[in-house]
Amino acid sequence: MNNITTCISTYNNLPYLKLAIKSIRKYSHFKDMPVVVYAENCDDGTDEWLVDNAEKYGLTYLIEHNDPAKGIGGGLNVVADMVQTEFINFIHADMVVSQDWDLELYKMFEKYPDEKLWVNSHRVEPDMFGGESRPGTVIIPREMFGYTHDEFEERYFIDWAAEFTEQNDVEIPKGEGVSGMIRKVDWDHIGGNDDRFAPAWWEDFDLFLRMKNEGYRFILPSKSLVFHFGARSSHFPKDDFTRESSRSKECEP
C-alpha cells in the first residue's frame, strides 16, 4: 500500500537502525510502503550503509551534516516534508516492529475517519531508567528479550507480541513521542516540531499541547506493538550505560 510513508530520523544509531528497517520490511502488513530515512551528523557508518542498502530495502534517504544540529525532532520535520502519501508513520530508529503493527494503526483512521488523529503503537521497553509499566508501555527486565542489538531475541519477541495482541484489545487515550501515525495534512496544519527545542527531545510535549488545543485525538491501540530499546542515541551512545551522551548533558537541565 502506497498510502503510508514510514519515516525515521536517526543520529549515530546504525546497529539499531538496521534492526528497525529489517523488521519494517519483514513484519509490516503494507510491505511496499515507502520508507524515508533522515540521517544527521552520523559518523558511525550510517551514511555509507544507507547508500549501499537503499535499493535492497527500498529506502529514500537524506544525509546532512549540520551545525547547529536539527536533532531528532527537527529531522522528523525534514522527512515529513518529503512525504507524498496521505499518511505519515513516524518511528524511532531504535525500535523493532511486530506483525501488522502498521495495519493496526491504520485501522484507527478507518474507525474515526472524521477526526484529526495521532495514533501510537503500544511499546515494550527494557528497564533502562528504573521506571514501572504505565498505560501503553510495558517495562520488562533487561534480559527478557535482550537489551542490546547483538543480544536481541527477535523470534521470542515476535511470538510474545502475537500472544500479547491476541489477548489485549484496548484503545488508550495517550500520545507517545517521535513514533506515531498521522495524516500529512494534519501534520502540516500543526506545523510539526518547533525548532526552538533542537537538538534536544522535549519537543513532543509542545507538539502534543498544540495538537490538544487544536482538537486532535490521541489513540494508542494495544493491537499494534513495537519493541523500543530506549534512548540509545540520545542517552546511551554505543550502548555505554555508564554515562550520558554529550548532547544529553548539554541539553538537559
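Shown above is the structure to which this text applies.
A brief look at the structure comes next.

Moving on, we come to the packing of aromatic side chains. Tallied over the entire structure, the rule returns 20 aromatic pairs. Residues Phe145 and Tyr156 carry aromatic rings whose centres are separated by 4.7 Å and whose planes lie at 65° to one another, so their mutual orientation is edge-to-face. In this pair, Phe145 sits in the loop between strand E8 (137-140) and helix H5 (154-167) while Tyr156 sits in helix H5, placing the two residues eleven residues apart along the sequence. The class of Phe145 is buried, set by a relative accessible area of 0%. Looking at Tyr156, the relative accessible area reads 39%, which means it is partly exposed. In this structure an aromatic cluster arises from ring pairing among Tyr16, Phe145, Phe152, Tyr156, Phe157, Trp160, Phe164, Phe227 and Phe229. Arg142 extends its terminal NZ or CZ atom over the ring of Tyr147, reaching a point 5.2 Å from the ring centre. Its guanidinium or amino end placed over the ring of Tyr112, Arg217 lies 4.1 Å from that ring's centre, counting from NZ or CZ.

Moving on, we get to helix H2 (residues 46-57). The terminal C-alpha atoms of H2 lie 14 Å apart, and with twelve residues this falls more than 12% below the ideal 16 Å at 1.5 Å per residue. Looking at H2, one finds that the buried residues are Thr46, Asp47, Trp49, Leu50, Asn53, Ala54 and Tyr57. Looking straight down H2, one finds that the buried residues subtend no more than 145° of arc, so they occupy a single side. Opposite its buried face, H2 presents the exposed residues Asp52 and Glu55, each directed more than 90 degrees away. Residues of H2 that are buried make contact with strand E1 (4-10), helix H1 (14-27), strand E2 (35-40) and strand E3 (59-64).

Moving on, we come to the pattern of salt bridges. As enumerated under the stated definition, the model contains eleven salt bridges in all. Arg217 is paired through a salt bridge with Glu115; the nearest N and O atoms lie 3.0 Å apart. Remark: Glu115 occurs in the loop between helix H4 (101-111) and strand E6 (117-119) and Arg217 occurs in strand E11 (residues 217-221); sequence separation between them is 102 residues. Close ionic contact of Arg210 with Asp206 constitutes a salt bridge, the shortest N to O distance being 2.9 Å.

Reading the values: the criteria
- Residues numbered from 1 in each chain as written.
- Predicted model: local features only at pLDDT ≥ 70, side-chain atom pairs only at ≥ 80, totals over all residues.
- Heavy atoms only, no water.
- Phe/Tyr/Trp six-rings, centres within 6.5 Å; stacked < 30°, edge-to-face > 60°.
- Helix = DSSP H or I, 4+ residues; strand = E, 2+ residues; numbered from the N terminus.
- Buried < 20%, exposed > 50% of the residue type's maximum accessible area, 1.4 Å probe, protein only.
- Lys NZ or Arg CZ within 6 Å of the ring centre and 35° of its normal.
- Expected span 1.5 Å × (residues − 1).
- Arc of directions from axis to C-beta.
- Contact = heavy atoms within 4.5 Å.
- Salt bridge = Lys/Arg side-chain N within 4 Å of Asp/Glu carboxyl O.

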